[in-house]
Amino acid sequence: MVMQPMGCTAFSVSDSGDIFHMTAKFILPRLRNGFAAATAALLVGAIAMPHAVVAPAMAQETQQKPAIHPQGPASVADLAEGLLGAVVNISTSQTVKGGGEGPGAVPMPQLPEGSPFQDFFDDFFKNRRGDKGGGDEGEGGGDARPQKVQSLGSGFVVDADKGIIVTNNHVIADADEIMVNFSDGMKLKATLVGTDTKTDIAVLKVDPKGKKLTAVKFGDSNKMRIGDWVMAVGNPFGLGGTVTVGIVSARNRDINSGPYDDFIQTDAAINRGNSGGPLFNMEGEVVGINTAIISPSGGSIGIGFSIPSELAAGVVQQLSEYGETRRGWLGVRIQPVTDEIAESLGMKAAQGALVAGVIKGGPVDNGSIQPGDVITKFDGKDVHEMRDLPRVVAESPVGKDVDVVLVRKGAEQTVKVKLGRLEDGEKLAKGEEAKKTPDKAPATTSVLGMTIGDLDDGARSKFGIGAEVAGVVITDVSPNSPAADRGIAPGEVITEIAQESVSSPKDVTDKIKALKDQGRKNALLMLASKTGELRFVTVRID
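Here's a quick rundown of the structure. (Residues numbered from 1 in each chain as written. Predicted model: local features only at pLDDT ≥ 70, side-chain atom pairs only at ≥ 80, totals over all residues. Heavy atoms only, no water.)

With that out of the way, let us pick up the pairing of strand β18 (residues 401–408). For β18, a buried count of six out of eight residues is recorded, marking the element as mostly surrounded by other parts of the structure. Looking at chain direction, strand β16 (residues 374–378) and β18 are connected through four bridges and run antiparallel. Residue pairing in the sheet places Phe 378 in a bridge with Val 404 of β18. Counted along the chain from β18 to the antiparallel partner strand β19 (residues 411–418), the turn is two residues long, and its residue Lys 409 has a positive phi close to 50 degrees. (Buried < 20%, exposed > 50% of the residue type's maximum accessible area, 1.4 Å probe, protein only. Helix = DSSP H or I, 4+ residues; strand = E, 2+ residues; numbered from the N terminus. Pairing = 2+ DSSP bridges.)

Let us look at the nonpolar core. With 29 residues, the main nonpolar core has Ile 201, Val 216, Met 231, Phe 280, Ile 289 and Ile 307 as its most contacted residues. At the level of elements, α3 (77–83), β3 (164–168), β6 (201–205), β7 (229–234), β11 (286–293), β12 (304–308) and α6 (309–322) are the ones that each hand at least two residues to this core. Residues in contact with Phe 280, not counting those within four places in the same chain, are Leu 83, Val 87, Val 216, Trp 229, Val 230, Met 231, Val 233, Glu 285, Val 286 and Val 287. Judged by nonpolar contacts, the second largest core, of 21 residues, contains Leu 448, Ile 452, Ile 512 and Leu 527. (Core = buried A, V, L, I, M, F, W, Y, C linked by side-chain atoms within 4.5 Å. Contact = heavy atoms within 4.5 Å.)

On the surface, a nonpolar cluster with roughly 310 Å² of combined accessible area is contributed by Trp 229, Val 243, Val 245 and Met 282. On the secondary structure map, Val 245 appears in strand β8 (residues 242–253). Judged by relative accessible area, which is 36%, Val 245 ranks as partly exposed. (Patch = residues over 30% accessible without salt bridge, like charges linked within 9 Å, V, L, I, M, F, W, Y side chains within 5 Å. Areas by Shrake-Rupley, 256 points an atom, 1.4 Å probe, with all protein chains shown as cover. Salt bridge = Lys/Arg side-chain N within 4 Å of Asp/Glu carboxyl O.)

Under the defined criterion, the tally for this structure stands at 17 salt bridges. A salt bridge links Lys 377 to Asp 382, with the shortest nitrogen-to-oxygen separation between them at 3.6 Å. Lys 377 gets classed as partly exposed once you look at its relative accessible area, which sits at 31%. The partly exposed category is assigned to Asp 382, whose relative accessible area is 43%. Note that Asp 510 is salt-bridged to Lys 506, the shortest N-O span being 2.8 Å. A residue pair is termed a helical-turn pair when its members lie 3 or 4 positions apart in one helix, as Asp 510 and Lys 506 do in helix α12 (residues 505–517) at four residues. Linked through salt bridges whose partners overlap, the residues forming this network are Glu 324, Arg 326, Arg 421 and Glu 423.

Now for the sheet that holds strand β9 (residues 263–266). Whenever strands of a sheet pair, they do so through backbone hydrogen bonds, lying parallel or antiparallel. Spatial ordering of the closed barrel is given by β7-β8-β9-β12-β11-β10, a layout of six strands whose pairing is antiparallel. Averaged over neighbouring strand pairs, the angle between their axes works out to 45 degrees when direction is ignored. By the bridge criterion, six bridges tie β7 to β8 in an arrangement that is antiparallel. Of the residues in β8, the one forming a bridge with Trp 229 is Ile 247. The strands touched by α6 within the sheet are β11 and β12, with β12 carrying the most contacts at an inclination of about 55 degrees. (Axes fitted to C-alpha atoms, helices over the stretch in contact; angles between N-to-C directions.)

Tallied over the full model, the rule gives two aromatic pairs. Measuring from centroid to centroid gives 6.0 Å for Phe 156 and Phe 218, while their planes differ by 80 degrees, and the two rings are edge-to-face. Here Phe 156, found in strand β2 (residues 147–159), pairs with Phe 218, found in the loop between β6 and β7; they are 62 residues apart in sequence, far enough to count as distant. For Phe 218, a relative accessible area of 22% gives the class partly exposed. On the numbers, 6.2 Å between centres and 70 degrees between planes, the contact of Phe 263 with Phe 305 is edge-to-face. In this pair, Phe 263 sits in strand β9 while Phe 305 sits in strand β12, placing the two residues 42 residues apart along the sequence. Both residues of the pair, Phe 263 and Phe 305, belong to the buried class. In this arrangement the basic side chain of Lys 211 is found over the ring face of Phe 182, its NZ or CZ atom lying 5.0 Å from the centre. Arg 326 extends its terminal NZ or CZ atom over the ring of Tyr 322, reaching a point 3.8 Å from the ring centre. (Phe/Tyr/Trp six-rings, centres within 6.5 Å; stacked < 30°, edge-to-face > 60°. Lys NZ or Arg CZ within 6 Å of the ring centre and 35° of its normal.)

Have a look at this one:
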């Protein structure tokens, strides 16, 4: 009991009598036995004596050696020193409307009726003047004079000869003036080259004459593994040249900030003002652009997100060269492949991107890709889930001929597609408008909790359904029904069941009956919205 320094039990002072008692009872008899054994060893002869004496002495000497403590991670001082010159602080100013309007205005708090502070807040928010002379007044007597709002962020130089600087779009959005502050104290005015709101990236340009700039290069974020060391440099809370170190906590994070989310998650401290700054690997290469944090307080809690260099490098190159992005476009509307949809399509696993619709005038409007197809591979790259497809398509050059592997009615096939340009496709998608034609309401029948009817002129008029939409209209949905569980709403149109077209209520009931006879548990429905946008849903067959 004496030799337990790492034990779970500790003795108090009040236990001292018990300890003495235990020592007398247990330890002293053992000591006597030890002396007796030593005497017996001496009687045997001198040969046993060295083993009896030397061995314990060696053990004791080993225990007395000082413990070797492991060292921490290697210093990043040399690495940071060589990179600080390429990281810049970005300050912007923006003129906003005074008074109670505009993004920089402070809203008046809502007070309970009869509050003793009502007069005070009325005076401050409604009746205050820019000066004693009254100044310019807006509605309500408030100060409507323009006000300047300033903000701070970070960035980094990627081309020293041309003066190209990368930052986040939200750092410079709506700015009237952009200033770049270097680590040696020099300030240069920047011009905006181009922005991309989808990835939150902006490219700036300064005049490099009169100052020798230091640039950094993009590394390969695909080589980064969870647990690799990374270093963030930026301007948190206006504290320029702040260096923090952490690891890659996770990869491929989707935080629902845009269509191409694929963030690197890191525990390197990232705070307000770090936005647009670089995330370096231990080779001094930029593997990410620090963009967002999760924080209940606004400060770092070790959960930060960086745009991977794999995505950022191409966007920066296009913005620098063209002042805009030029992304590939496939011209399809897609949705996730759920387990129920995969089962209905006869797929072994829920993977790929389900084509819910084809945009008219797009690259695949020729029928090469059809609604109901599941795209599993694009240009040699696997599409594991829906969000993979927009990213790999966007990263492809406009006009490139690519092979698309898809599953159509249970059979895999490959089609060749010539990509269009996303920016042009967005204009086409916005141009698709519905047309309305009035008439009478349709006759109806019920199935799977839905009341359905013929899609005649009356139904089109009642629900505002476009003339190009064809199928069977849903006029009502029963609460707590299988259809209601799937979010199906009146006014939607059933265009296909189990990838076969339907044009009348009888077609729908016949298809559902056939699926029941086959022992199917779910029915795969293609639904069209009032404007013709398609989506797939699976409805449980009771």
